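# Understanding the architecture of this molecule
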Amino acid sequence: MSWYALLFGPDGWIGLLLKGAVVTVALSVTTAPFGFGAGLALALMKMSRNRLLRAACDVYTTFFRGIPDLLALFIIYFGLQALLDRTSKLLGLEGHLELSAFSAGVIALSVVVAAYSSEVWIASLAAVPAGQREAAQSLGLDRAQVFRLVILPQLGRVALPGLGNIWMILQKDTALISTLAVTDLLRAASEASRATTRPLVFYTAAGALYLCFTLVSGVVQGALERRANRGYA
Amino acid sequence: MPAWSQDVLRFVINTELLAQYGWRLLTGLQMTAAVVGLSFCLGFVLAWPVALARMSRRFAVSRLAASYIAVFRGTPLLCQLYLIYYGGGEFRPFFTEVGVWWFFRDAYYCCILSFTLNTAAYQAEILRGAIQSVPKGQVEAARALGLSWLAIMRHVVMPQALLVAIRPLGNELISVIKASALAAIVTLLDLMGQTRFVFARTFDFSIYLYCALIYLALTEMTRRVVEAIEMRLSRHVRAGAPSITVVAPKRRYRVGLGGVRL
Amino acid sequence: MKTANAMVLAKRCLAALGVAAALVTAQAQAKEWKTVRIGMDATYPPFESVNAKGEIVGWEVDYATELCKRMKVTCTFQNQDWDGIIPSLVANKFDVIMSSMNITDKRKALVNFSQVYFSTPPVFVGAAGVKSTDVSPEALKGKTIGTQSSTTFANYLEAMYKGSEIKLYPGGDEPQNDLKAGRLDYTLTDLIVGTNFVEKVGAGCCKVVTEIKRVPEFFGPGVGAAFRKEDADLTAMFNKAIDEVDADGTYKKIADGYFKINIRGK
C-alpha cells in the first residue's frame, strides 16, 4: 500500500492520528496552568523562612528533576490512584474516587512540570530588584499587595523564556504518556504501525505533527515575549 | 509501631528483593552508562560541525543545520527512536544491500544512533551560544595578527567558549542520562529495562523506588562534578569579574534548566 | 521574597490545585455493578487490537460484550499497556482484565481469576528461511527469540532457553513485527495470534514453525478474566455468565466467526 493510501485511503489512519494529536495538545494545554502554578507555589515555598518547608521543596525538585520523566510519570500514574484510594478510605467515603487516564496523565505531567518550572520562577523572582519591594513597602503596601501589585506583574516577563522552554519540554513529554494508557499522537502512530506493519509512514507523520506544534509554539512564544518587552526595548 | 509504618518500611527496605535482583539493577546500570557515555561523546563530536554550519554565512548551509536542529529538538525523542528502530526495519533489503543492516538490526546501536543525533542537536545550540559569547573584537584582533581560522578557533575562541559551555553541557549530559530510560521501550535491558523486567517477575513496586534512587544518584553526582569542574576552570574569570550564577542575598539559587528533556 | 505573603500565595496556589483535582475526580462509584470497565492490551489481534477508527475490536471484545449482556451491565473497554495492566487493575483504573491473560500462581497472588474461557497452545513463529521444526533449547542455541514482556511466554523462555538471546517487547504484536523486520529468528506467541500474523503478512516473511505443549507450571490451565481480590461478587457474576454463554451455544457462534479451531479447551 502506498503512503497515501495508508493515511488517507478508505481504511486510512489519518483520523486516528489527528484524534491523537488533539489529545496531545489538550494534555499540554491542560497541564501548563497547573504545572506552572504549582511551580510558582513551590518557588515561593522554597523562599520561605521555614527551614523544614524549604528542605521538603528542595527534596521534591531534586527528586523529580533527577529521575527520568518516564519513571516519574509511571510512579505518579500508579502511585496517585493508590494514594487516592487510601485517602478516601481514611475519610470513610463509600466506593472510590476515580481518575480518568487523561486526568491522571495531566496530574503526573503537572508534578514534573512544577519541579522544572519552580527553578524558572525562582530565577525570575530573584531578578526583581529588592529596592522595588522596599520602595513599595515604604509606600505603605502590605506584603500581599507588594507581591500582587509590584512583583507578580513583572514575573511573567522575566519568566517567559524559561517557561517557554518548559512548555516545549511538556509537549514532548506528553509522548511518554503514550506508554501508559492515553491514546495520544504517538500512541496512535504506534497503533497504526502495528496494525499495518508499516511504521515508517506513521512515525514520520507523527514527527511532522509534533514539529508543527513546536514551530507554532515558537512563533507564539516569540510574539508573547515581544509584547511583554514592549516597555523595555 | 502502627501497621502502615511497617508497610512503608517493608516498601523502602526490601532486602529480599535486593538480594535476589540487585545484580540485575547493576548490569542495567552498566548498560545505561555505556549508552549514555557513547551517545553523549559521539553527540559532542557531531555537534561541532553542526554548530559551525549553523553559523555559516552561506544561507543553504546554515538553513540545513537549522532544520536539523529544529527537527531533532522539536520532536519527542521517543518518536525519533521509534522511527529509527521500527522504521529502520522497513529498509532491511536496502540496508542489507549496502551492508549496514547489522547496525540497524541491533537495538543497542539504534538507541545510540538516535540518542546521538538528538543530543548533537542540543549540544550544537549550546556550542553556538558559547562561541557567540566570545566578543567579536577578539576574533578581529586575532585575524589582524594574521592568525589562521583554525588557529583563531583553537587558541582564542574554543578555550573561552568551552568554559561558558561547561554548565549547559553538564545539564545536557543529565538530560541524556534521563532520556536513556527510553531504551527500555525498544527491548534494551538498561537500568529501566531491568527494573521493568524485575517488576514483571515480582510485581513488587519497591523496585521502581530503587531504580529512581539510582538514577537520582547518577544525575546528582553528574551535576556536582560538573559544578566542581566549572568552579575550578573558571577561577581566573571569577576573580573580580561578575559571576555567571545569579546571586541573591544570602542564598544562591541554581538558575537554568538542569537536565530537562523530552 | 522571604516573606509571609509568599506563604499566603503558595497556600492559595495549592488550594486552587486542590479544587482542580476535585474537579477532575469523577463521582464515587456505588458498589452495585451497573457499569464494568474492562482493561485490555489491544496489541494482540485477532483477540484484541485497535482499528483505524481507534476502537478496540476482536474476539475477546465480542465475547466480553456477550458476557456483559448476560450480566445486564454496561461494559466499557480501555486500552492499557501490558506491563501496567495488573497495577492498573489493582489501582482501580478498571475492574476486569480480559486480555488473553493466562492464569498463573504468581498472578493469583495479586488478583482473582474467573474460570478458564479459552486455552490455546503457544507457538514458535520463525523467519521464512527456517527449515527445521526442532525448537528445543539446544536447536535454538545462539538464536534470537522475541516475545512480549511480563508474559508466560517470557517466563518460559527465560527459564528454558538460557542459550538463546531473548528480547522482550512491551506490545504483543511487536515481536512479530520485528521478526518481519529481520531482527529476530523466532518469536514465541499464541497459536491464534501467530497464525493470524503469518496470514496477514504473507509467507514471504515468516511461518508458524511448531506448536509447543502448554507446560502447566508455566502456562497454567488457560486464559481467565482477572479481578481485584475484593471484588469476589464480580468474579462470581462473570463465572455464571461464562457458563451461560457456553451452555446455549453462543460461545461457539462467536468463536466460529473468528477461528477455524476450537479454542474453548474443554
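See the structure above.
The rules we used
Residues numbered from 1 in each chain as written. Chains lettered and ligands numbered in written order. Predicted model: local features only at pLDDT ≥ 70, side-chain atom pairs only at ≥ 80, totals over all residues. Heavy atoms only, no water. Helix = DSSP H or I, 4+ residues; strand = E, 2+ residues; numbered from the N terminus. Buried < 20%, exposed > 50% of the residue type's maximum accessible area, 1.4 Å probe, protein only. Contact = heavy atoms within 4.5 Å. Pairing = 2+ DSSP bridges. Salt bridge = Lys/Arg side-chain N within 4 Å of Asp/Glu carboxyl O. Polar contact = N/O pair within 3.5 Å; in protein donor to acceptor, adjacent residues only side chain to side chain. Nonpolar A, V, L, I, M, F, W, Y, C, P; charged D, E, K, R; others polar. Phe/Tyr/Trp six-rings, centres within 6.5 Å; stacked < 30°, edge-to-face > 60°.

### What to know about the overall build of chain B
- Per the secondary structure count, chain B includes 12 helices and 0 strands.
- In chain B, the succession of helices and strands from N to C terminus is α-α-α-α-α-α-α-α-α-α-α-α.
- Each principal axis of the C-alpha distribution contributes one length, and for chain B these read about 75 × 65 × 25 Å.
- Counting across all 262 residues of chain B, residues that qualify as buried make up 48%.
- Long-range contacts, defined here as pairs at least 24 residues apart, represent 75% of the contacts in chain B between residues at least 6 apart.

### Focus on the sheet that holds strand β2 (residues 43-44) of chain C
Residue and element names in this part refer to chain C.
- As summarised here, the arrangement of the 3 strands in space is β2-β3-β4, forming an open sheet in which the pairing is antiparallel. Of all strands in the sheet, those with a lone pairing partner are β2 and β4 (56-57), marking the two edges.
- In the sheet, strand β3 (residues 48-50) pairs with β4 via 2 bridges, with the strands oriented antiparallel. Directly across from V50, in β4, lies its bridge partner I56.

### So, the interface of chain C and chain B
- Each partner contributes to the interface: chain C provides 23 residues, whereas chain B provides 23 residues.
- Linking chain C with chain B are 2 salt bridges.
- When the shortest N-O distance is used, the salt bridge between D83 of chain C and R196 of chain B registers 3.1 Å.
- Put simply, chain C and chain B have 10 residue pairs in polar contact (both at pLDDT 80 or more) between them.
- Elements with a contribution of two residues or more to the side of chain C that touches chain B: α3 (85-90), α4 (105-108), α5 (152-160), β10 (165-169) and α6 (174-181) of chain C.
- Among the elements that line the side of chain C that touches chain B, the one with the most residues is α6 of chain C, at 4 residues.
- Here the residues of the side of chain C that touches chain B sort into 8 nonpolar, 4 polar and 11 charged.

### So, the interface of chain B and chain A
- Each side of the interface is counted separately: chain B has 41 residues, and chain A has 43 residues.
- Taken together, the connections running from chain B to chain A amount to 2 salt bridges.
- We note a salt bridge from K178 of chain B to D69 of chain A, for which the minimum N-O separation is 3.8 Å.
- For the pair chain B and chain A, the number of links is 8 residue pairs in polar contact (both at pLDDT 80 or more).
- Looking at the side of chain B that touches chain A, the elements that each hand over two or more residues are α3 (59-74), α4 (77-90) and α11 (206-233) of chain B.
- In terms of residue class, the side of chain B that touches chain A is made up of 27 nonpolar, 7 polar and 7 charged.

### Looking at the packing of aromatic side chains
- Throughout the structure, instances matching the rule amount to 44 aromatic pairs over all chains.
- Aromatic side chains Y68 of chain B and F72 of chain B sit 4.8 Å apart centroid to centroid with 45° between the ring planes, which places their arrangement in the tilted category. On the criterion of helical spacing, the pair formed by Y68 of chain B and F72 of chain B is a turn pair, its members being 4 residues apart in helix α3.
- The exposure class assigned to F72 of chain B is buried, which follows from its relative accessible area of 15%.
- Where Y82 of chain B meets Y86 of chain B, the ring centres are 6.0 Å apart and the plane angle is 45°; that geometry is what we call tilted. With Y82 of chain B and Y86 of chain B both in helix α4 and 4 residues apart, the pair spans about one turn of that helix.
- Classification of Y86 of chain B by relative accessible area gives buried; the value is 9%.
- Taken together, the aromatic side chains of Y44, F47, W59, Y63, Y117, F118, Y251, Y258 and F259 of chain C make up a single cluster linked through ring pairs.

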